Amino acid sequence: KITATKDHAKLRLNFRAGQVFLVMGHSGTTPITIRLSLNGKRLTSFAGKDVVNGEITITEQRLYHLIQQDSVTEGLLEIEALSKGLELYAFTFGK
């Protein structure tokens with residue numbers, strides 16, 4: 001488990017996949033918003049089912065769908081927790 005201990009904490013991940021999923025939660029009682037970037041640009045194209053305007057609001061611990069591409073591609077995913085308390089558990093990938 002990785003926990004964001006300060007506001008605007010970031011994690012960068014190089015990946016090769018068509019889909020990217022991540023189990024996330026939060027340590028407090030208030031939902032946490034994360035901002036997602038793909039290859040240096042806000043994630044709007046190729047956004048997974050849980051992404052709205054390049055962001056996800058983490059309301060509970062569960063698997064979130066971050067990226068949905070048409071084919072397997074290399075990329076750089078950046079996740080920014082807008083406030084502390086975000087918990088990241090496990091990435092999974094698909095074609």
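Residues numbered from 1 in each chain as written. Predicted model: local features only at pLDDT ≥ 70, side-chain atom pairs only at ≥ 80, totals over all residues. Heavy atoms only, no water.

**A few points about the pattern of salt bridges**
1) Next: A complete count under the given rule lists seven salt bridges for this structure.
2) Next: Of the charged contacts, one joins E87 and K1 as a salt bridge, the two residues approaching to 3.6 Å between their closest N and O atoms. Residue E87 is found in strand 7 (residues 86-94), and its partner K1 is found in the segment before strand 1 (2-3); the two are separated by 86 residues along the sequence.
3) Next: On the basis of relative accessibility, which here comes to 9%, the residue E87 falls in the buried class.
4) Next: For E55, the salt bridge goes to R35, with nearest N and O atoms at 3.3 Å. Here E55 is found in strand 5 (residues 55-58), whereas its partner R35 is found in strand 3 (residues 32-38), with 20 residues between them in sequence.
5) Next: For R35, a relative accessible area of 29% gives the class partly exposed. (Salt bridge = Lys/Arg side-chain N within 4 Å of Asp/Glu carboxyl O. Helix = DSSP H or I, 4+ residues; strand = E, 2+ residues; numbered from the N terminus. Buried < 20%, exposed > 50% of the residue type's maximum accessible area, 1.4 Å probe, protein only.)

**Let's talk about unusual backbone geometry**
1) Next: Although it is not a glycine, F46 sits at a positive phi angle of roughly 65°.
2) Next: Following the sequence through the fold, F46 ends up in the loop between strand 4 (41-42) and strand 5.
3) Next: Overall, F46 belongs to the partly exposed group, its relative accessible area being 42%.
4) Next: Its identity is not glycine, yet N53 carries a phi of approximately 55°, on the positive side.
5) Next: The exposure class assigned to N53 is exposed, which follows from its relative accessible area of 61%.

**Notes on the pairing of strand 3**
1) Next: Where burial is concerned, most of strand 3 is hidden: five out of the seven residues are buried.
2) Next: Two strands pair when backbone bridges link them, and strand 3 and strand 6 (residues 62-81) are joined in this way by five bridges, in the antiparallel orientation. Looking at strand 6, one finds that R35 is bridged to E80.
3) Next: Where strand 3 lies against strand 4, two bridges are found, and the strand directions are antiparallel. Of the residues in strand 4, the one forming a bridge with S37 is R42. (Pairing = 2+ DSSP bridges.)

**Quick notes on the packing of aromatic side chains**
1) Next: In total, this model carries one aromatic pair according to the counting rule given.
2) Next: Consider the rings of F91 and F93, whose centres lie 6.1 Å apart with planes at 10°: the pair is stacked.
3) Next: Owing to a relative accessible area of 44%, F93 belongs among the partly exposed residues under this scheme.
4) Next: Note that R62 overlies the ring of Y64, its terminal NZ or CZ placed 3.9 Å from the centroid. (Phe/Tyr/Trp six-rings, centres within 6.5 Å; stacked < 30°, edge-to-face > 60°. Lys NZ or Arg CZ within 6 Å of the ring centre and 35° of its normal.)

Worth remembering: the numbers are spatial, not functional.
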